[in-house]
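Structure assessment
In case you want the letters, here they are:
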Amino acid sequence: MTRRTRSVRLGKRFIAVAGASALAAGLAGGVGASVASAKAKPFCTSGPLTVTVFNFSEVPFKAAAAGFKKYCPSVHITFAVQTTDNLYPVALQTEKLAGKLTDIVETYDSLSPTLETDGLVQPLNKYLNKKDFYPANYWLKGMSQSYIPPKGALPQKFVGEQFFVPIEADATVFYYNVADLTKAGFTVNPTGTTSVSASGGTISDSWTWQQAETVWSALTKGSTYGVCERPDWQAEWNPLIKVEGATALGEASANVSGSAALNAFQLLLGPEQNGSDVSFATLTKNGDQCDPSFESGQAAMSVGVRGDLPGIIGSQVDPTGSPTDIGVLPIPEVDGVHPTGGGSVAWGVSTQAHHLKAALDFLHYFYSPAGYAGAEATGGIVPAVASIAADPTAPWTKFAGNPVNNAAYSISAASVQAIAPQTQGTVFNDLQATFLINMINSVLSGTSLQSALNTMQTAVNSDYASAKSGLG
Amino acid sequence: MAKLIPEPLAESAGAPVGLVAQAPAKKRGDGLAAGFMIGPNVTLFTVFVVVPIFGALALSFFNWNLSGDPFTTAKWVGLSNYTKMFSDPLVLISVKNTLYFVAMGVVPTVFISLGLAMLINFRFPGVSIVRSLYLVPAAVSLAASAVIWQYIYEPKFGLLSYLFDQVGLTPPINGFLSTTAYALPSLDLVCVWTTLPIGVLLYLAALQRIPASVIEAATLDGAGWFRRVRYVIWPGVSNMTLLVAIISLIAFTAGGFDLVNILTRGQPIYATETLIYYIYYTAVNDFQWGYAAALSVLQFVIIVGILVLLVAARQFLVRRS
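The rules behind the values
- Residues numbered from 1 in each chain as written.
- Chains lettered and ligands numbered in written order.
- Predicted model: local features only at pLDDT ≥ 70, side-chain atom pairs only at ≥ 80, totals over all residues.
- Heavy atoms only, no water.
- Helix = DSSP H or I, 4+ residues; strand = E, 2+ residues; numbered from the N terminus.
- Buried < 20%, exposed > 50% of the residue type's maximum accessible area, 1.4 Å probe, protein only.
- Areas by Shrake-Rupley, 256 points an atom, 1.4 Å probe, with all protein chains shown as cover.
- Axes fitted to C-alpha atoms, helices over the stretch in contact; angles between N-to-C directions.
- Parallel < 35°, antiparallel > 145°, perpendicular 65-115°, else oblique.
- Left-handed = near helix turned anticlockwise from the far one by under 90°.
- Contact = heavy atoms within 4.5 Å.
- Nonpolar A, V, L, I, M, F, W, Y, C, P; charged D, E, K, R; others polar.
- pLDDT = per-residue confidence, 0-100.
- Buried area = accessible area lost by both parts, 1.4 Å probe.
- Salt bridge = Lys/Arg side-chain N within 4 Å of Asp/Glu carboxyl O.
- Polar contact = N/O pair within 3.5 Å; in protein donor to acceptor, adjacent residues only side chain to side chain.
- Pairing = 2+ DSSP bridges.
- Patch = residues over 30% accessible without salt bridge, like charges linked within 9 Å, V, L, I, M, F, W, Y side chains within 5 Å.
- Expected span 1.5 Å × (residues − 1).
- Bend = angle between axes of the 7 residues up to and from the residue.
- Phe/Tyr/Trp six-rings, centres within 6.5 Å; stacked < 30°, edge-to-face > 60°.
- Lys NZ or Arg CZ within 6 Å of the ring centre and 35° of its normal.
- Disulfide = S-S within 2.5 Å.

1. Observations concerning the overall build of chain A
Scanning chain A for helices and strands turns up 18 helices and 14 strands. Residues counted as buried form 53% of the 472 residues belonging to chain A. Surface summary for chain A: the accessible area is close to 18,800 Å², and the carbon and sulfur share equals 58%.

2. Describing the overall build of chain B
Per the secondary structure count, chain B includes 15 helices and two strands. In chain B, which comprises 321 residues, the share counted as buried stands at 37%. Accessible surface, chain B: about 18,700 Å² in total, of which carbon and sulfur atoms supply 71%.

3. Points about unusual backbone geometry
Residue and element names in this part refer to chain B. Going from Gln-267 to Pro-268, the amide bond is cis rather than trans, its omega being -10°. Its location among the elements puts Pro-268 in the loop between α13 (238-264) and α14 (275-285). Even without a glycine there, the phi angle at Tyr-270 is positive, about 70°. Within the secondary structure layout, Tyr-270 lies in the loop between α13 and α14.

4. Let's talk about the packing of helix α2 (residues 58-71) of chain A against helix α14 (residues 369-376) of chain A
Residues and elements named next belong to chain A. Relative orientation of the contacting elements α2 and α14 amounts to 140°, with a least axis distance of 7 Å. One element, α2, and the other, α14, form an angle in the oblique class. Between α2 and α14 the crossing geometry is right-handed. Facing α2, whose interface residues are Pro-60, Ala-63 and Ala-64, α14 presents Gly-371, Gly-374 and Ala-375. A per-class count over the contact of α2 with α14 returns four nonpolar, two polar and no charged.

5. With respect to the confidence of the model for chain A
Per-residue pLDDT for chain A has a mean of 86; in total, 88% of the residues score no lower than 70. Low pLDDT (under 50) marks residues 423-428 of chain A, which in the prediction has 27 contacts with non-local residues, meaning those over four places away or in another chain.

6. As for the interface of chain B and chain A
At the junction of the two partners, chain B supplies 23 residues and chain A supplies 26 residues. Across the chain B to chain A interface the summed buried area is about 2,000 Å²; carbon plus sulfur atoms make up 59%. Remark: the boundary between chain B and chain A carries zero salt bridges. For the interface between chain B and chain A, the tally reads seven residue pairs in polar contact (both at pLDDT 80 or more). Contributions of two or more residues to the side of chain B that touches chain A are made by α4 (80-87), α5 (89-119) and α14 of chain B. Grouping the amino acids of the side of chain B that touches chain A by side-chain chemistry returns 11 nonpolar, seven polar and five charged.

7. Some words on the sheet that holds strand β8 (residues 195-197) of chain A
Residue and element names in this part refer to chain A. Spatial strand order, β7-β9-β8: three strands in an open sheet with mixed pairing. In the strand order of this sheet, the two ends are held by β7 (186-188) and β8, each with one partner. Across the sheet, the axes of successive neighbouring strands diverge by a mean angle of 20°, strand direction being ignored. In terms of strand pairing, β8 meets strand β9 (residues 200-203) through three bridges, oriented antiparallel. Bridging across to β9, Ser-197 finds its partner in Gly-200. Set on the sheet, helix α7 (residues 209-219) makes contact with β7, β8 and β9; between it and β8 the angle comes to about 45°.

8. Describing the confidence of the model for chain B
Parts of the prediction with low pLDDT should not have their coordinates interpreted in detail. Scored by pLDDT, chain B has a mean of 87; 91% of the residues are at 70 or more. Every residue in residues 1-19 of chain B is under pLDDT 50, and counting partners more than four places away or in other chains gives 15 contacts.

9. Some thoughts on the pattern of salt bridges
Residues and elements named next belong to chain A. For the coordinates displayed, the defined rule picks out three salt bridges over all chains. Here Arg-230 ties to Asp-232 by a salt bridge, and the two come within 2.7 Å at their closest N and O atoms. For the pair Arg-230 and Asp-232, one class covers both residues: buried. Taking the shortest distance from any N to any O, the salt bridge between Asp-361 and Lys-357 comes out at 2.9 Å. In this pair, Asp-361 and Lys-357 are both assigned in helix α13 (residues 356-366), four residues apart and thus about one turn of the helix distant. The residues Asp-361 and Lys-357 share a single accessibility class, namely buried.

10. Topic: the side chain of Glu-333 of chain A
Residue placement: Glu-333 of chain A occurs in the loop between β11 (326-330) and β12 (340-343). Here Glu-333 of chain A is in contact with Ser-206, Trp-207, Thr-208, Trp-209, His-338 and Pro-339 of chain A, once residues within four sequence places are set aside.

11. Concerning a nonpolar patch on the surface
Taken together, the side chains of Leu-44, Phe-45, Val-47, Phe-48, Val-49, Ile-53 and Phe-54 of chain B present a nonpolar region at the surface, about 700 Å² in accessible area. Following the sequence through the fold, Leu-44 of chain B ends up in helix α2 (residues 30-59).

12. Some points on the environment of Leu-309 of chain A
All names here are of chain A. The topology assignment puts Leu-309 in helix α12 (residues 309-312). You can call Leu-309 buried: its relative accessible area is 0%. Residues Leu-309 and Ile-326, 17 residues apart in the sequence, show an inter-C-alpha distance of 9.8 Å. If we ignore the near neighbours within four places in the chain, the residues touching Leu-309 are Tyr-175, Ile-326, Gly-379, Phe-399, Gly-401, Asn-402, Pro-403 and Tyr-409.

13. Points about helix α9 (residues 259-274) of chain A
Over its 16 residues, α9 of chain A extends 22 Å from the first C-alpha to the last, a length consistent with the 22 Å expected when each residue adds 1.5 Å. Most pronounced at Leu-268 of chain A, the bend in α9 of chain A amounts to some 35°, and the proline Pro-271 of chain A follows within four residues.

14. Some remarks on the sheet that holds β11 of chain A
Residues and elements named next belong to chain A. Reading across the sheet, the three strands line up as β10-β6-β11 and stay open at both edges, with antiparallel pairing between neighbours. The open sheet has two free edges, formed respectively by β10 (301-304) and β11, since each of these has just one partner strand. Each neighbouring strand pair of the sheet contributes to a mean axis angle of 30°, computed without reference to strand direction. Across five bridges, the pairing between strand β6 (residues 173-177) and β11 is antiparallel. Counted as the bridge partner of Tyr-175 is Val-328 from β11.

15. Let's talk about the packing of aromatic side chains
Any two aromatic rings considered together are summarised by their centre-to-centre distance and by the angle between their planes. On inspection of all chains with the given rule, the structure shows 46 aromatic pairs over all chains. A ring pair is formed by Phe-174 of chain A and Trp-207 of chain A, whose centres lie 6.3 Å apart and whose planes are at 85°; its orientation type is edge-to-face. Here Phe-174 of chain A, found in strand β6, pairs with Trp-207 of chain A, found in the loop between β9 and α7; they are 33 residues apart in sequence, far enough to count as distant. On the basis of relative accessible area, Phe-174 of chain A is assigned to the buried category, the value being 0%. Under the relative-accessibility criterion, Trp-207 of chain A is labelled buried at 0%. Looking at Arg-306 of chain A, its charged tip hangs above the ring of Tyr-409 of chain A, at a distance of 4.8 Å from the centre. Taking NZ or CZ as reference, Lys-84 of chain B lies 4.2 Å from the ring centre of Tyr-291 of chain B, over its face.

16. Observations regarding the state of the cysteines
Residues and elements named next belong to chain A. For the structure shown, the criterion picks out two disulfides over all chains. Two residues, Cys-44 and Cys-72, share a disulfide whose sulfurs are 2.1 Å apart. The chirality of the disulfide connecting Cys-44 with Cys-72 is right-handed, given an S-S dihedral of about 85°. With a gap of 28 residues between them, Cys-44 in the loop between α1 (3-40) and β1 (47-54) and Cys-72 in the loop between α2 and β2 (75-82) connect regions that are remote in the sequence. Judged by relative accessible area, which is 17%, Cys-44 ranks as buried.

17. Comments concerning the packing of helix α8 (residues 142-152) of chain B against helix α10 (residues 180-208) of chain B
Residues and elements named next belong to chain B. The geometry of α8 relative to α10 is characterised by a closest axis approach of 11 Å and an angle of 135° between their N-to-C directions. Compared by their axis directions, α8 and α10 come out oblique. For the crossing formed where α8 meets α10, the hand is right-handed. Along the contact surface, α8 presents Leu-142, Ser-145 and Trp-149, while α10 presents Leu-189, Val-190, Trp-193 and Thr-194. Each residue belonging to the contact of α8 with α10 can be placed in one class, and the counts come to five nonpolar, two polar and no charged.

Structure follows, in structure tokens:
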């Protein structure tokens, strides 16, 4: 062997040994560090996370995100704020085409089918029920339903897949003005027995619709109406028709003129016909919202959701933000059931989520009691997680501005009867809301209820047919 | 002066039949000349290949977001970037997609290349034109090819949807590139199309080195077309098969990026999320250069692993035959 060959071999050996040593040292040091960090932070990765959030959700989101930032500082969250107008899906589509969809996307119930069929969000079933996430029944069933296309929905492959997880339980309740009720001789005893007449009485959580009509009539005085109801399928009409035994706006067909619908509409239109309800003409001016009527003192009682609470605090009915000025009751029972409507906003994971682990980690944190705490403290949130919503010690139940009988929100959240149906085109839309208003106006101008319902049925059928042909 | 060596020896040495020049004796100064000639190449190779390889390996132990001097701003994280891969669901998805993309691309490329090369390994009028046409996909840039195929895959007016209709099949409603089951095979088809020319060229060269006399002898011995391919042509091009497979492998692992980036961006729902695209996204979009470097190391290991398997498979087949 020549001297030169030996030196080359020695050189090679030296390089190999040096390289291996450096690599081993590096790996050993890194293993220690990474193992330590992995043990300390489950559900915490590193890197960026992008979120699209609605403007009205920005405050609770920021509160939750701040908590996540403390828990998992290695994830850097950036978010874009969007409004819920018709341009929202267009904006998301544009982002999708550019390959820039954020990892997490917010929606609201009736918008979700559009985002699903547009390919903007991915099914979550493969993440739910896994040991590193939550089971599907972790959330309130009534709220999750909004995001699971049922049998009959199109496209068929989406049926049974859950695309979003609800953030909040916006279940309907009746807000009441404590002073107005007291003046009319009524007291609220949530767990007692309801006994009411035109001169007053006791109202409990299990009050009935007939008893409610008595209360509303008694509360109607001067320029103040007894109640404000919304001509809104999701908030009131769907759940009441369902309790009467039919599905008003189903996935494949509508039933808005049968006996169940007739019974329901008789109950719903009663207050309007006897003059104890804020007129639909006023509501139309208010964008079909009851909050302005209640907040201005025009109505002594009004249908609303938890999300209305921050607006009500500081309004005329509750100018000082005093928790004793306003109260809340569940929707009155019909045949022993609260015909509660519901809806929510929700998080979904986009089809282009490149930070999937970070997205799932954030959602895992957000839906934990600690994660929710920040959002709950903002007052507009009843958590959509069953255990937290029912927990009397949860932060949302301790909110300083909570109304009298705050627990009624929990009753409502657990008793949601109908939510936005999950087939594109069959959710209540502007056109179907117009049918409803036309029907009500027709009845108020003297047409028989059955005849008006038949006319509405024809119009809704036509809407269904065009929605289906549009999908085909 | 060149010396004559017998033709059989020339063949066995892999040299062209005929006159073969023996290697002349080494002279003084040859080393210097060789160094002068290969020096620039080695330098460039070192600067642009070797250094980046070791640089990427080193970077994979750091977190660096491209801002500032890497020697002062990069943060040592040890194996964190590697352990992170185990909890990152997109790594598994992209590795699976990459393996599928490579397997479904390399194998057809090898066999179709050989088939096409055999088709044009004859003298016929216009053979030069036909052979030139085979090179068209390689002459077109990958980006341009992607755009052309985008039109072919277009859901309503695309050629492929039309062909599906003509043979009574239902094309996917959302289009081939937007349907989970079709997206990756569709990209494979494009990549096969663009990789074929180099395979055909290499196989054509290998086929032309098989002596016609050997094929004639096999024919005279009663070997049919299949037997001639199986026992004469296939062994005769086995070296080239390995080369074509390696080149295709590299083309499919690296070249897949252009197609994914232009046609699908990893969509629909990660169906075309290949490792190289995920590396690109992590580095260029997220500025996680350390993590991207770790992913690159993973890709390197995968490619080397496949190459080792290919070589082992070839050696096994050679020994067996």
